Amino acid sequence: SHRMKERLAYHLNEQRQRIEYLKKHYGQFKVSEVTLDQIFNGIRGVTLLITDTSYVDPHQGIRIRDFTIPELLRVLPKAPDSAFPLAGGLYYLLMTGEVPDEAEAWEVEATWKERMTVPEHVFRVIDAMPRETHPMTLLSQAILALQTESIFAKRYEEGISKPAFWGYYLEDSLNLTAKLPVLAAYIYNRKYRHGAYIPPHPDLDWSANFAYMIERSDDPIFVELMRLYFVLHSDHEGGNVTAYSANVVSSSLADIYFTASAGINGLAGPLHGLANQECTRWLLKVLHHFGGLPSEEQLEDYVREQLDKGMTIPGYGHAVLRTVDPRFTALANLAETYFPQDQLYRLVKRVYAVVPRVLSSLGKVKNPWPNVDAISGALLYHFGLRQLDFYTVLFGISRMLGVTAQTVWSRGLYKPLERPKSITSQMLEAMIAQA
Ligand code: CMX
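Residues numbered from 1 in each chain as written. Predicted model: local features only at pLDDT ≥ 70, side-chain atom pairs only at ≥ 80, totals over all residues. Heavy atoms only, no water.

Draft legend 1. Summary view of the domain arrangement of the protein. Here the protein is described as being made up of domain 1 (1–269 + 392–435) and domain 2 (275–382). Each of domain 1 and domain 2 was reduced to a C-alpha centroid, and the two centroids are 27 Å apart. At the interface, 26 residues of domain 1 touch 20 residues of domain 2. The junction of domain 1 with domain 2 conceals about 1,900 Å² of combined surface from both sides, 70% of it contributed by carbon and sulfur atoms. Looking only at domain 1, the three residues that lose the most surface to domain 2 are Pro 58, Ile 221 and Leu 225, adding up to 23% of its buried area. At the junction of domain 1 and domain 2, the tally comes to 0 salt bridges. Our count for the domain 1 to domain 2 interface comes out at 3 residue pairs in polar contact (both at pLDDT 80 or more). Only β1 (54–57), β2 (61–64), α3 (69–75), α11 (220–232) and α19 (391–412) provide two or more residues apiece to the side of domain 1 that touches domain 2. It is α11 that contributes the most residues to the side of domain 1 that touches domain 2, 7 residues altogether. Split by residue class, the side of domain 1 that touches domain 2 holds 14 nonpolar, 8 polar and 4 charged. (Domains from an automatic or database assignment. Contact = heavy atoms within 4.5 Å. Buried area = accessible area lost by both parts, 1.4 Å probe. Salt bridge = Lys/Arg side-chain N within 4 Å of Asp/Glu carboxyl O. Polar contact = N/O pair within 3.5 Å; in protein donor to acceptor, adjacent residues only side chain to side chain. Helix = DSSP H or I, 4+ residues; strand = E, 2+ residues; numbered from the N terminus. Nonpolar A, V, L, I, M, F, W, Y, C, P; charged D, E, K, R; others polar.)

Draft legend 2. Structural view of the side chain of Asn 209. Residue position: Asn 209 is located in helix α10 (residues 206–213). The contacts of Asn 209, once residues within four sequence positions are left out, are Met 116, Pro 200, His 201 and Leu 204.

Draft legend 3. Seen up close, the site of the ligand. Residues in close proximity to the ligand total 19 residues, the closest being Ile 313, Gly 315, Tyr 316, Lys 364 and Lys 366. One of the backbone nitrogen or oxygen atoms of Leu 271 is found 3.3 Å away from a nitrogen atom of the ligand. Within the backbone of Gly 315, an N or O atom sits 2.8 Å from an oxygen atom of the ligand. Considered on its own, the ligand offers 910 Å² of accessible surface; in the complex 74% of this is hidden by protein. Taken together, the residues that form the shell around the ligand break down as 9 nonpolar, 6 polar and 4 charged. (Near = heavy atom within 4 Å. Areas by Shrake-Rupley, 256 points an atom, 1.4 Å probe, with all protein chains shown as cover.)

Draft legend 4. Focus on the environment of Lys 78. Tracing the backbone through its elements, the reader meets Lys 78 in the loop between α3 and α4 (87–96). Here Lys 78 is in contact with Leu 73, Ala 83, Phe 84, Pro 85 and Leu 86, once residues within four sequence places are set aside. A polar contact is formed between the side chain of Lys 78 and the backbone oxygen of Leu 73, at a distance of 2.9 Å. Only 2.7 Å separates the side chain of Lys 78 from the backbone oxygen of Leu 76, close enough to count as a polar contact.

Draft legend 5. Quick look at the sheet that holds strand β3 (residues 67–68). One open sheet holds the 3 strands; their spatial order is β1-β2-β3, and the pairing between them is antiparallel. The sheet is open, and its two borders are formed by β1 and β3, each paired with just one other strand. The pairing of β2 with β3 spans 2 bridges and is antiparallel. Following the sheet pairing, Arg 63 is matched in β3 by Thr 68. (Pairing = 2+ DSSP bridges.)

Draft legend 6. Main features of helix α6 (residues 120–128). Taken together, the buried positions of α6 are occupied by Val 122, Phe 123 and Ile 126. The arc enclosing the buried residues of α6, seen along the axis, measures out at 100 degrees, which places them on a common side. On its buried face, α6 is in contact with α7 (135–145) and α9 (162–192). (Buried < 20%, exposed > 50% of the residue type's maximum accessible area, 1.4 Å probe, protein only. Arc of directions from axis to C-beta.)

Draft legend 7. Spatial organisation of the side chain of Asp 373. Among the secondary structure elements, Asp 373 is positioned in the loop between α17 (343–362) and α18 (376–382). Buried charge without a salt bridge: Asp 373, with Arg 327 as the nearest opposite-charge side chain at an N-O distance of 6.4 Å. Residues in contact with Asp 373, not counting those within four places in the same chain, are His 272, Ala 275, Asn 276, Cys 279, Gly 315 and Phe 395. (Lys, Arg positive; Asp, Glu negative; His and termini not counted.)

Draft legend 8. View of helix α16 (residues 326–338). Between its terminal C-alpha atoms α16 stretches 19 Å, which fits the 18 Å expected from 13 residues at 1.5 Å a residue. Inspection of α16 places Pro 326, Arg 327, Phe 328, Ala 330, Leu 331, Ala 332, Leu 334 and Ala 335 among the buried residues, and these make up the whole buried set. Looking at the packing, one finds that the buried side of α16 touches β2, α3, α11, α17, α18 and α19. (Expected span 1.5 Å × (residues − 1).)

Draft legend 9. Local environment of a nonpolar patch on the surface. Nonpolar side chains collect at one region of the surface, where Tyr 21, Leu 22, Tyr 26, Phe 29 and Val 31 lie side by side and expose about 580 Å² of accessible area between them. You can see Tyr 21 is positioned in helix α1 (residues 2–26). What makes Tyr 21 partly exposed here is its relative accessible area of 46%. (Patch = residues over 30% accessible without salt bridge, like charges linked within 9 Å, V, L, I, M, F, W, Y side chains within 5 Å.)

Draft legend 10. Region of the structure containing the packing of helix α14 (residues 275–290) against α19. Between α14 and α19, the shortest axis-to-axis distance is 7 Å and the interhelical angle comes to 150 degrees. Here α14 runs over α19; the crossing is right-handed. Along its contact with α14, which presents Asn 276, Gln 277 and Thr 280, the element α19 presents Tyr 391, Thr 392 and Phe 395. Within the contact of α14 with α19, the residues separate by chemical class into 2 nonpolar, 4 polar and no charged. (Axes fitted to C-alpha atoms, helices over the stretch in contact; angles between N-to-C directions. Left-handed = near helix turned anticlockwise from the far one by under 90°.)

Draft legend 11. Region of interest: a negative patch on the surface. There is a patch of like negative charges on the surface, built from Glu 296, Glu 297, Asp 301, Glu 305 and Asp 308. If you trace the backbone, Glu 305 turns up in helix α15 (residues 296–308). Glu 305 gets classed as partly exposed once you look at its relative accessible area, which sits at 47%. (Charge placed at Lys NZ, Arg CZ, Asp CG, Glu CD.)

Given below as structure tokens:
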């Protein structure tokens with residue numbers, strides 16, 4: 001991917017100049033103010049990060065390098081015989097901000113192929129864990145075990161200066177992302193299929209290779225789902241738990257393996273990435289409870305009962321989004337095209353018909369609409385991927401495309417160590433008393 005690196009170098013250089021200019025002329029420009037409420041409410045709504053790879057528009061959903069999901073699916077080069085993009089092209093776009101042509105997308109795919117070989121000790125780390133270990137634990141451990149391979153860490157120890165950092169972060173990022181489908185497939189096979197290791201296929205693209213390595217590439221629609229899924233989950237601006245954790249960690253110049261592992265750890269939380277697992281579990285519980293598809297009235301009663309008990313409805317609501325998640329819509333379109341009669345998918349639709357109205361009636365939920373997690377698991381389930389605790393691994397390997405791109409940019413823009421100031425509650429009270 002010489003081309004990607006060349007374009008990245010160009011854009012980083014340009015962006016550094018823009019930032020220098022902004023800092024010089026508008027250094028005192030006030031971007032946001034912070035209230036006490038915001039501090040006690042998860043810093044929600046306080047703009048304090050600049051992330052160029054993507055932006056979550058409250059009303060349009062994620063824009064990756066300014067492209068909405070439908071635009072993204074249109075402009076990126078498609079995989080062979082596929083309606084959906086090559087992950088390599090998406091990575092090129094995330095990294096450079098330019099839409100790649102087919103050759104540029106394939107160049108990233110080719111670079112990945114050269115770097116897919118996972119060192120033996122990484123598999124041994126996974127093997128050493130008890131079988132009941134959560135797959136997100138295994139993924140995080142496997143990524144951390146790969147840290148032995150960090151080129152940045154070695155060069156840094158030898159002594160390099162700031163302008164050289166991002167190039168090594170990029171090398172590490174390509175090395176890591178190349179291996180992610182292999183790691184995910186190994187974890188899947190070991191945990192659920194008694195250890196079969198299937199090496200990647202040299203002719204397949206990144207996304208199709210994952211399907212191949214878990215022996216599901218004979219179903220072309222499943223391969224399509226993987227391609228779509230890996231595009232949809234790749235990035236969600238800088239403030240979500242995954243990206244935010246990763247960004248802080250890498251600001252200490254911890255290499256991409258420490259960074260990615262930190263991001264994966266954040267993604268493993270039930271309010272964040274694990275929500276797709278929870279959501280699918282909930283949908284299955286509903287089917288079980290009613291012995292099949294409930295009517296809208298039955299579902300509404302059920303949901304209200306749950307809310308009365310103080311439970312949340314998984315897959316609904318969002319910290320930033322204020323509309324139906326376009327990633328939900330993209331997945332629904334795929335299901336509608338290929339398996340509209342699937343029972344779990346029909347339940348997803350029915351929940352969608354009922355829950356937003358019910359949540360709105362509570363008067364406190366800021367976003368009653370479905371997010372991507374309200375549907376993604378149901379589609380995996382349709383294809384027989386029924387190990388719910390694995391779902392977030394797929395989310396994770398996709399999200400690392402965005403996280404590593406964000407990290408390369410952070411290092412390329414010479415972002416300093418991140419270190420917000422904290423005070424004690426007592427000091428806060430004193431500040432208020434003096435005001
Ligand atoms: N079901 C029930 N109540 C909900 C709700 C839901 N799905 N979503 C929000 N609420 C409630 C909150 O619990 C909160 O109630 P209290 O004031 O009594 O504590 C109130 O509505 C206001 O919350 P909010 O400002 O609308 O939402 P937050 O930004 O605080 O939280 C989120 C966002 C996603 C954590 C929350 O909507 C939720 O728990 N949803 C279900 C889990 C989920 O789908 N998570 C995946 C999000 C996508 C991702 O990050 O990966």
